[in-house]
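The residues making up each chain are set out below.
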Amino acid sequence: DAMVIQNPRYQVTQFGKPVTLSCSQTLNHNVMYWYQQKSSQAPKLLFHYYDKDFNNEADTPDNFQSRRPNTSFCFLDIRSPGLGDAAMYLCATSRERGFTEAFFGQGTRLTVV
Amino acid sequence: ILNVEQSPQSLHVQEGDSTNFTCSFPSSNFYALHWYRWETAKSPEALFVMTLNGDEKKKGRISATLNTKEGYSYLYIKGSQPEDSATYLCASFYSNYQLIWGAGTKLIIKP
């Protein structure tokens, strides 16, 4: 059974129209991450939660926001998607930061039209 | 800015041959090195997490070594099979809690 589930798998949104991607986990892990990956590039960490503690990366645009209402769920909100935001968005969890393996969802492929 | 380099970017290997590729990372304030396999249309899957200099880990036909002093890790695949075709990602974790990812090595096994 999938342990980290992302919805939807594919999302098409209009330029400037807010969009929300969701991630849920059944592992009860403390840490949840959101990554952005564009083809042939390294995954770029946008932010992560350690429990309820939100950690934003310094270079993550303000256009990207996140919510973690409980341990199991985490959302990525893109307030005004631009063409440059088209990418694969990966959610991952881990028991602890960095020292334990991460478990990934299958990703959401975002297209901006 | 910390940078993790993986080489080669892509690799074609004949089925049955063994292969290896490299992850290079800054060694200062290093805590841990991760390897993941990412098959097309699937989630990235953890292979190894290593912390100690000289560490060697093995999972079936896949093994990895770690040199924290010089800042590199090798991933080895023995007797490549078609199911080994994937992108292999490494990520390096530091004392400031940053986890820095490489861009991956894309491995294609030719039957």
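Residues numbered from 1 in each chain as written. Chains lettered and ligands numbered in written order. Predicted model: local features only at pLDDT ≥ 70, side-chain atom pairs only at ≥ 80, totals over all residues. Heavy atoms only, no water.

**Here's the deal with the pairing of strand β9 (residues 87-94) of chain A**
All names here are of chain A. Rules: Using a 1.4 Å probe on the protein chains alone, a residue whose accessible area is under 20% of its type maximum counts as buried, one over 50% counts as exposed, and one in between counts as partly exposed. Helix numbering and strand numbering both begin at the N terminus, where a helix is a DSSP run of H or I of at least 4 residues and a strand a DSSP run of E of at least 2. Pairs of strands are assigned from DSSP output, requiring at least two bridges between the strands.
β9 sits mainly inside the fold: 8 of its 8 residues count as buried. Of the two faces of β9, the one holding A87, Y89, C91 and T93 and the one holding M88, L90, A92 and S94 are both buried throughout. Here strand β4 (residues 31-37) runs beside β9; their pairing, made up of 7 bridges, is antiparallel. By the bridge assignment for β9, W34 is matched with C91. Sheet topology note: the β9/strand β11 (residues 108-112) ladder contains 3 bridges and is antiparallel. The residue of β11 that forms the bridge with M88 is R109. The sheet contact formed by β9 and strand β10 (residues 103-104) spans 2 bridges and is antiparallel. What sits directly across from T93, in β10, is F103.

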